[in-house]
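# A look at the structure
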Amino acid sequence: MDQSTPSSPRMSQGQHQHQHRETSPLLPPSSRSRPQESSPHHDDDDQKPPATQTAHAIIFKICLIVAVAATADSLIESPQLRIFESIICYRYYEAADPSKLLLGRHELGPGALGGVAEKWCKVNSVQTDVALLRGYQQTLDGIPALLLGVPFGLAADRFGRKPILTLGLVSLLLRDAWVQLVTWLWQQFDIRVVWLSTLHGLLGGGSIVLVGFLFVAINDVTSVEDRASVFMRAGAASLLPNLLIPPLAARLMMWDPWIPCLLGILARIVCCVSMIPMPETLKSRSSDSHQGSQEHTRSPSPSAESLQIKAPTLSARLFHATKRAVIGLRANVRIIFLVALFAGHSMLGSTFSILLQYSSKRYNVNLSTATLLITVYNAVRVAMLLLIMPLLVVAIKKWFRLSEQQKDLYTCRAGFVLVLVGWSLIALSPNIPLFSISLVIAAAGTAPVYLILRSFLSSLILEEHTARVYSATSTMDTLGSMFGGALVANLFDRGMEIEWIGLPFLFLGLIGLLSALVMFLNKPTHIGTGSDEEERSSRDGST
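Residues numbered from 1 in each chain as written. Predicted model: local features only at pLDDT ≥ 70, side-chain atom pairs only at ≥ 80, totals over all residues. Heavy atoms only, no water.

Glancing now at the state of the cysteines. Here the structure, examined in full by the defined rule, presents one disulfide. The thiol sulfur of Cys 272 is not disulfide-bonded, and the nearest other cysteine sulfur, from Cys 271, lies at 6.7 Å. Its relative accessible area of 17% is what places Cys 272 among the buried residues. (Disulfide = S-S within 2.5 Å. Buried < 20%, exposed > 50% of the residue type's maximum accessible area, 1.4 Å probe, protein only.)

On to the nonpolar core. A general feature of soluble globular proteins is that nonpolar side chains tend to end up buried together. With 127 residues, the main nonpolar core has Trp 423, Ile 426, Phe 435, Leu 453, Phe 505 and Met 519 as its most contacted residues. Here the element with the most residues in this core is helix α3 (residues 55-96); it accounts for 19 residues. Ignoring anything within four residues of it in the chain, the contact list for Ile 426 reads Leu 355, Tyr 358, Arg 362, Phe 435, Ser 438, Leu 439, Ala 442 and Phe 505. (Core = buried A, V, L, I, M, F, W, Y, C linked by side-chain atoms within 4.5 Å. Helix = DSSP H or I, 4+ residues; strand = E, 2+ residues; numbered from the N terminus. Contact = heavy atoms within 4.5 Å.)

Here we come to the packing of aromatic side chains. On inspection of all chains with the given rule, the structure shows 14 aromatic pairs. Taken together, a centroid distance of 6.1 Å and an interplanar angle of 65 degrees make the contact between Trp 178 and Phe 189 edge-to-face. With a gap of eleven residues between them, Trp 178 in helix α5 (residues 161-184) and Phe 189 in the loop between α5 and α6 (207-220) connect regions that are remote in the sequence. Consider the rings of Trp 423 and Phe 505, whose centres lie 5.9 Å apart with planes at 5 degrees: the pair is stacked. With a gap of 82 residues between them, Trp 423 in helix α16 (residues 404-428) and Phe 505 in helix α19 (residues 503-521) connect regions that are remote in the sequence. Against the face of Trp 120 rests Lys 100, its NZ or CZ located 4.7 Å from the ring centre. (Phe/Tyr/Trp six-rings, centres within 6.5 Å; stacked < 30°, edge-to-face > 60°. Lys NZ or Arg CZ within 6 Å of the ring centre and 35° of its normal.)

For the rest of this paragraph, the subject is unusual backbone geometry. The residue Ala 112 is not glycine, and still its phi comes out positive at about 55 degrees. As for its position among the elements, Ala 112 is in the loop between α3 and α4 (124-159). Residue Asn 364 is not a glycine yet carries a positive backbone phi of 60 degrees. Assignment of secondary structure puts Asn 364 in the loop between α14 (352-362) and α15 (367-400). A relative accessible area of 68% places Asn 364 in the exposed class.

Before going further, it helps to spend a moment on the packing of α16 against α19. Running from amino to carboxyl end, α16 crosses α19 at an angle of 160 degrees, the nearest separation of the two axes being 7 Å. By the angle between their axes, α16 is roughly antiparallel relative to α19. Between α16 and α19 the crossing geometry is left-handed. Facing Leu 409, Cys 412, Arg 413, Phe 416, Val 417, Val 419, Leu 420, Trp 423, Ser 424, Ile 426 and Ala 427 of α16, the residues of α19 in contact are Phe 505, Leu 506, Leu 508, Gly 509, Gly 512, Leu 513, Ser 515, Ala 516, Met 519 and Phe 520. (Axes fitted to C-alpha atoms, helices over the stretch in contact; angles between N-to-C directions. Parallel < 35°, antiparallel > 145°, perpendicular 65-115°, else oblique. Left-handed = near helix turned anticlockwise from the far one by under 90°.)

Using the criterion set out here, one finds 14 salt bridges in the structure. With a closest N to O distance of 3.1 Å, Arg 134 and Glu 77 form a salt bridge. Remark: Glu 77 occurs in helix α3 and Arg 134 occurs in helix α4; sequence separation between them is 57 residues. In this structure, Arg 82 and Glu 85 form a salt bridge, with 2.9 Å as the shortest nitrogen-oxygen distance. Taken as a pair, Arg 82 and Glu 85 lie in helix α3 at a separation of three residues, close to a single helical turn. For the pair shown, Arg 82 and Glu 85 are each scored as buried. Each member of the salt-bridge network shares a partner with another, and the members are Asp 73, Arg 175, Asp 176 and Arg 268. (Salt bridge = Lys/Arg side-chain N within 4 Å of Asp/Glu carboxyl O.)

This part is about the confidence of the model for the protein chain. A residue-level look at the protein chain finds 76% of positions with pLDDT of 70 or above and a mean pLDDT of 76. Here helix α10 (residues 302-310) stands out as the element of the protein chain with the lowest mean pLDDT, 35, in contrast to helix α8 (residues 258-274), whose mean of 94 is the highest. Contacts of residues 1-52 to residues separated by more than four positions or lying in other chains number 105 contacts, the stretch itself having pLDDT below 50. Here residues 286-312 is a poorly scored stretch, pLDDT under 50, and it has 25 contacts once near neighbours within four places are set aside; other chains count. (pLDDT = per-residue confidence, 0-100.)

Taken together, the side chains of Met 254, Trp 255, Ile 259, Leu 263, Leu 266, Ile 269, Val 270, Val 273 and Ile 276 define a hydrophobic patch exposed on the protein surface, amounting to about 890 Å² of accessible area. Secondary-structure elements contributing two or more residues to the nonpolar patch are α7 (227-255) and α8. The biggest single contributor to the nonpolar patch is α8, with six residues. Residue placement: Val 270 occurs in helix α8. Judged by its relative accessible area of 39%, Val 270 falls in the partly exposed class. (Patch = residues over 30% accessible without salt bridge, like charges linked within 9 Å, V, L, I, M, F, W, Y side chains within 5 Å. Areas by Shrake-Rupley, 256 points an atom, 1.4 Å probe, with all protein chains shown as cover.)

What follows deals with the environment of Lys 162. Tracing the backbone shows Lys 162 in helix α5. The exposure class of Lys 162 is partly exposed, given its relative accessible area of 25%. If sequence neighbours within four positions are ignored, Lys 162 has contacts with Met 275, Ile 276, Met 278 and Glu 280.

Next comes the structure, spelled out in structure tokens:
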């Protein structure tokens, strides 16, 4: 990591940055992105995170937690969808056509499994209810993240990342436990009671906010040069279980969907326990930022004193802190547009269940077979992050001699073009072979693009603003999840009405088009890599 000694020029710059006012822009001066010269002895001392653990060890632990959490998701997703379908299907045929029922209510076990043959559950009425149940759950899950994303971001900047991450992991365990309780006792509960699981977001903001803070923790211990590659490594850690676990879940589903569901709960418990030895990454920031914050604490600025006088209550201080974060973002319009692109992230990233429904209904296969089919999508995503993108990044830097920021920008442009082409082709694919090819193209763009976009965005902001900007991306992610989940579900319903269920994927292609346009309108700033004239003008602007 790029660190400075206390006597370096960057030290005075770091102290100066703490005196910025509310309207200070998020764009850093030119020296922000350029490695600083310092002695190896001091670099080694500054780079050591708390508890004498190296940055590599911390990153490995975070990636391990990400992988276990993704394993839980992969174990639960498909069988939970099948249980939802089974309950809704049984209740539908109880009223519409009791002759399809294989067992009476008193003979059925948890989840109404075996009550109706799965082939009868592909009718439009059942599939619509399943899609809407999942879509509105996604919308409700976004409410806590939207309301609490920025406050939790401010709390993470003040109290540390570890408490917020721990709360988030515990909340996911409680969410899944509640959903499984409701579906286990399906005869006592209406299936829509699963929507109360959205209250888990009160403990940490929800899964979207949790993902944001995982990247904040990685950013704390990662240098500028390694950031994009480490982000992709973390992304690969989340995708690798999506490649390996769905075939296992599909096989277990043939015996009993409850087996992978309960294994997923066990994986959630392992995640929570894994946070115990995790060090606090907030303390691993550079020594200049740490000393600057101590100086700032000893001599608070007049604006901070006035805020403390005018806002003595916790709620008022929280309001003013949120206001400062919003003003900081508003100071640079470019960052606002880049943050806005994350609204499409959750919509593209949460397509697994809708892809399962789509492939199962359109190509007339059961959900366990559809799960195996979607494995192609996950395999390409893992290959992109573990093999193809790292090699491509090395080739781009060697052949074209691009800066880190230029490389991130151009890669984002190509990624969003693939998103546009891939998801549009999925909507138009008439058979399984073409559907599989379209999945490959969509996965090639979807897997790396938002990770690289996050790295590109990090190159434009000051370190002290990292958590709040990442919280803003989580907020946009949440908005996309809230409105996109219900919108995609309704488009799926509308598509079945007009006998073209590829409609939601055409919408995802449109997201790729709009995102590509934004990235093509962005230009490299050449911060720290530009000409001497640019560096002089940047220094003049900072004085």
